[in-house]
Amino acid sequence: MKAIRRLTVRPVLPDPLRPLSDLARNLRWSWHPETRDLFQSVDPECWTASGRDPVRLLGTVPPARLAELAEDRRFLRRLTAVADDLDHYMSGDRWYQAQPGRLPAAVAYFSPEFGITAALPQYSGGLGILAGDHLKAASDLGVPLVGVGLLYRHGYFRQSLSRDGWQQEHYPVLDPHELPLAPLKERDGTPAHVALALPGGRELRARIWLAQVGRVPLLLLDSDVEENDPGERGVTDRLYGGGSEHRLLQEMLLGIGGVRAVRTYCRLTGHPAPEVFHTNEGHAGFLGLERIAELCDEGLEFGAALEAVRAGTVFTTHTPVPAGIDRFDRELVARHFGPDSELPRIDVERVLRLGMETYPGGEPNLFNMAVMGLRLAQRANGVSLLHGGVSRGMFAGLWPGFDAEEVPITSVTNGVHAPTWVAPEVFRLGARQIGVQRAEDALAVGGSDRWDSVADIPDQDIWELRRTLRAQLVEEVRERLRASWRQRGAGTAELGWIDDALDPDVLTIGFARRVPSYKRLTLMLRDRERLTELLLHPERPIQIVVAGKAHPADDGGKRLVQELVRFADDPRVRHRIVFLPDYGMAMAQKLYPGCDIWLNNPLRPLEACGTSGMKAALNGCLNLSVLDGWWDEWYQPDFGWAIPTADGAGTDPDRRDAIEANALYDLLEQRITPRFYERGASGLPDRWLEMVRRTLSLLGPKVLAGRMVREYVERLYAPAAEAHRAMDPDSARGLAEWKARVRAAWPGVSVDHVETSAATASAELGATLGLRVRVKLGELAPEDVEVQAVSGRVDSEDRITDAAKVPLKPVGGPDLEGRWVYEGPLALDRTGPFGYTVRVLPAHRLLASGVETGLVAVPSGDLVEAAGLLMR
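Residues numbered from 1 in each chain as written. Predicted model: local features only at pLDDT ≥ 70, side-chain atom pairs only at ≥ 80, totals over all residues. Heavy atoms only, no water.

**Student:** Help me understand the overall build of the protein in this model?
**Tutor:** Of the regular secondary structure elements, the protein holds 29 helices and 27 strands. For the protein, whose C-alpha radius of gyration is 29 Å, the value lies close to the compact-globule estimate of 29 Å for 872 residues. Sorting the 872 residues of the protein into buried and exposed places 57% on the buried side. Contacts in the protein between residues far apart in sequence, at least 24 positions, make up 73% of those at least 6 positions apart. With an accessible surface of roughly 35500 Å², the protein has 50% of that area assigned to carbon and sulfur atoms. Where the 103 positive side-chain charges of the protein centre and where its 120 negative ones centre are 3 Å apart. (Helix = DSSP H or I, 4+ residues; strand = E, 2+ residues; numbered from the N terminus. Rg over C-alpha atoms; globule rule 2.2 N^0.38 Å. Buried < 20%, exposed > 50% of the residue type's maximum accessible area, 1.4 Å probe, protein only. Contact = heavy atoms within 4.5 Å. Areas by Shrake-Rupley, 256 points an atom, 1.4 Å probe, with all protein chains shown as cover. Lys, Arg positive; Asp, Glu negative; His and termini not counted. Charge placed at Lys NZ, Arg CZ, Asp CG, Glu CD.)

Encoded structure:
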């Protein structure tokens, strides 16, 4: 029989056990081993059955066991120690509180998904895991972050396989009362809500749930409330589900509703108001519109409000391809803004102009969320050094007249939260070497480029650790494989082979990620006979563990999954290669430590960062990857292997895959397997262990989320907060008026004449030339602009590379025709072909850079031809 209504019955804990409730509700348990160990000791069987979720555990422990624990003095001492540790963690000063200068009082961090723990399934892949790691690292560092997201009643889908290997999706209903969440309540005890106006006089209401992530509050908006009509109740049904209007409503609720939720939270708790708003990808871009509307309500004009909002906004882009960005039809967006919808105080045309692709190659009728994010943020970044360059090229149209290198998008390379992803066995080995507290600090805060103490760990200990982790993975794989085959309809008699699937002494390769085509799940199958020979080699076999989900609407990705599954089903190789369905955090935390090699073979440069290899590296796993994302930046032969790429413009995709697959097989056959199986005088694989040691000691500190968040604080949050404070109403009005005046007058700005003291086309290194430039400023004054000399090496087409910019100074006043003369030195500081040019940029103390306005005046073609080129 099926229940007609479902409700959650909470346990009543005996008074001595009350701290267990606080420990369960703070998600720090997900990365704090002592807290998890405490919950496991409550009831080991219930702990396993609950999926290692403390909230579910406390709901299933028999009352008799709770009464027994309430009298157990040893358990109560442990409980008191863990509760005191959490209290100290929550209230004590940490890295952020020890920093000099005036840092932001608070930072609001918006993301469409957050991967905190498998017990709160609100993530689909790398973006969400990154966001979760960002919050955890901010908590460890003491950064006053407030996270903002949506609560999806079905989360992301659960994956299983049909008998023939086709991906099937399941959407279990999540009850917020059974999750580690608490409803945010008004002072009268009623649930706190936010509301958005919809066309036709309708309203979208959402409840605010609070997840406590260590020191960081995470606000999650849930539209499944009785006040909504059925259509509005379903807005937060699934992560990345539904059509265009459904996605638009999700993103309006995230951005606009999210700001309102932050204001409500700060009002109710006294939390400082954020000085900086960080938009993690374009999905939350509408937050800038809500903040503009707030300032307009306080009396600012739209232009001034825009400048004030931009000053305190940081935008992070995660996609290297335009197809990965949410874009909406212009009319759809227009219908949801304006007089009878949301933000009626703002002219809908102003809203549309922020997101329209009004640049060469853009689609003029599409509203681009990343474009809006960039236009509403004074500071922007990609998520690896390579991705920063790709992003500058992708969005260069927003800054016409500038080389892609100067587009104001920097990069902060992602990191991973080591306390979440490092296996307990790895941590214990490190703690044995340097002590628990120092080991915790090294993983959470970082700050050192080297972990030199790894050098003192004996080879035997590292090798035993690696075999232990590999053996644990083998047991995990067999358990999951058996469950998967039963789901696919196999009977007990068909499953005997699973007892011998994988081998704890065989070189183990991991490959797990989402399954879009560019990640090339099936590249390893390019030459199946050659792969089979590698899997079954009599002396140097390999085994491969594969996992990954295709998007429910991506049949191409599902076909790749099926192709891999069918190969792995072959009785000849199924003990050496397995596909595990339903890849998620719980599986990942076993998979990364248990692998010897982490494989990543995307189409370069389509992997923005790719943090899975970082998590593997922190456990002593070596990387085997295409030079893309973070691996392009930090690869060294000490840490693993680089798969050569064939990414020339003239290489067709099929040939490229063939070349790169062949390179992968060659590396495995000729370099990787021999090194793993080769034994030194000690009977251990000495050269392999040296690579493991170097991966841990040199690469480990680089890949930490603590390093990443410190970079965000120092390079983006602190300058954004300073800019926010400088942008008082008068300054914002002044900057908006100045920009309008400069844009109107810019057609009258030109470079009329350039001359130099050089008499010949060659000179000696270290010489200095005098530059004299005559510019026409029209209605502008010298204080409105900066005239620069730009110089550097030139390529065969006379393009300046690695340019140096030097400001020139005005000499005297304007001549009778209103032209100004600027002079300055030009240092010849590089040998070889050398060139220079001059340009005029707008200049104002409140600009983040001279490129910000997108305006530039350069010499005309005739003038360039007459000036010639220096030092060719």
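**Student:** What is the right way to look at the pairing of strand 3 (residues 158–161) in this model?
**Tutor:** On a regular strand, one side chain projects to one face of the sheet and the next to the other, so that they alternate. Strand direction decides the pairing type here: strand 3 and strand 4 (residues 167–170), joined by four bridges, are antiparallel. Across the sheet, Gln-159 pairs through a bridge with Glu-169, a residue of strand 4. Hairpin connection of strand 3 to strand 4: five residues between the antiparallel strands, including Gly-165 at a positive phi of 85 degrees. (Pairing = 2+ DSSP bridges.)

**Student:** Sorry, what's going on with the pairing of strand 22 (residues 768–776) here?
**Tutor:** Only one face of strand 22 is buried, namely the one carrying Leu-769, Leu-771, Val-773 and Val-775, since none of Thr-768, Gly-770, Arg-772, Arg-774 and Lys-776 on the opposite face is buried. With six bridges joining them, strand 21 (residues 750–756) and strand 22 adopt antiparallel strand pairing. Its bridge partner being in strand 22, Val-751 is matched across the sheet by Val-775. One ladder, built from nine bridges, connects strand 22 with strand 26 (residues 819–827); its direction is antiparallel.

**Student:** It is not clear to me how the sheet that holds strand 15 (residues 507–512) should be interpreted in this structure. Could you clarify?
**Tutor:** In space, the six strands of this open sheet follow the order 17-16-15-18-19-20, with parallel pairing throughout. The two strands at the open ends of the sheet, each matched to only one other strand, are strand 17 (577–580) and strand 20 (640–643). Neighbour-to-neighbour, the strand axes of this sheet turn through a mean angle of 20 degrees, independent of strand direction. The pairing of strand 19 (residues 622–626) with strand 20 spans four bridges and is parallel. Looking at strand 20, one finds that Ser-625 is bridged to Ala-642. (Axes fitted to C-alpha atoms, helices over the stretch in contact; angles between N-to-C directions.)

**Student:** Just to check I follow, could you spell out the nonpolar core for this structure?
**Tutor:** Nonpolar side chains tend toward joint burial in soluble globular proteins. In terms of nonpolar packing, the biggest core is built from 109 residues, with Met-524, Ile-544, Ile-597, Leu-624, Trp-641, Ile-672 and Trp-688 touching the most fellow members. Val-148, Val-194, Leu-287 and Tyr-836 belong to the second largest nonpolar core, which has 99 residues in total. (Core = buried A, V, L, I, M, F, W, Y, C linked by side-chain atoms within 4.5 Å.)

**Student:** How do you make sense of the layout of surface pockets when you look at a structure like this?
**Tutor:** A probe as big as a water molecule, rolled over the atoms, marks out the empty space that is left. In this structure, the second largest pocket encloses a volume near 1200 Å³. Residue lining of the second largest pocket: 37 residues in total, with Leu-306, Arg-310, Arg-375, Lys-739 and Arg-743 positioned closest to the centre. Mapped onto the lining of the second largest pocket, the elements with two or more residues apiece are helix 11 (302–311), helix 13 (348–355), helix 14 (369–375), strand 13 (379–382) and helix 28 (729–745). The residue makeup of the lining of the second largest pocket, split by class, is 18 nonpolar, seven polar and twelve charged. (1 Å grid on protein atoms, 1.4 Å probe; cavity = no way out; pocket = protein on both sides within 12 Å on 5 of 7 lines; lining within 4 Å. Points joined across faces, edges and corners; volume = space filled by probe spheres on them. Nonpolar A, V, L, I, M, F, W, Y, C, P; charged D, E, K, R; others polar.)

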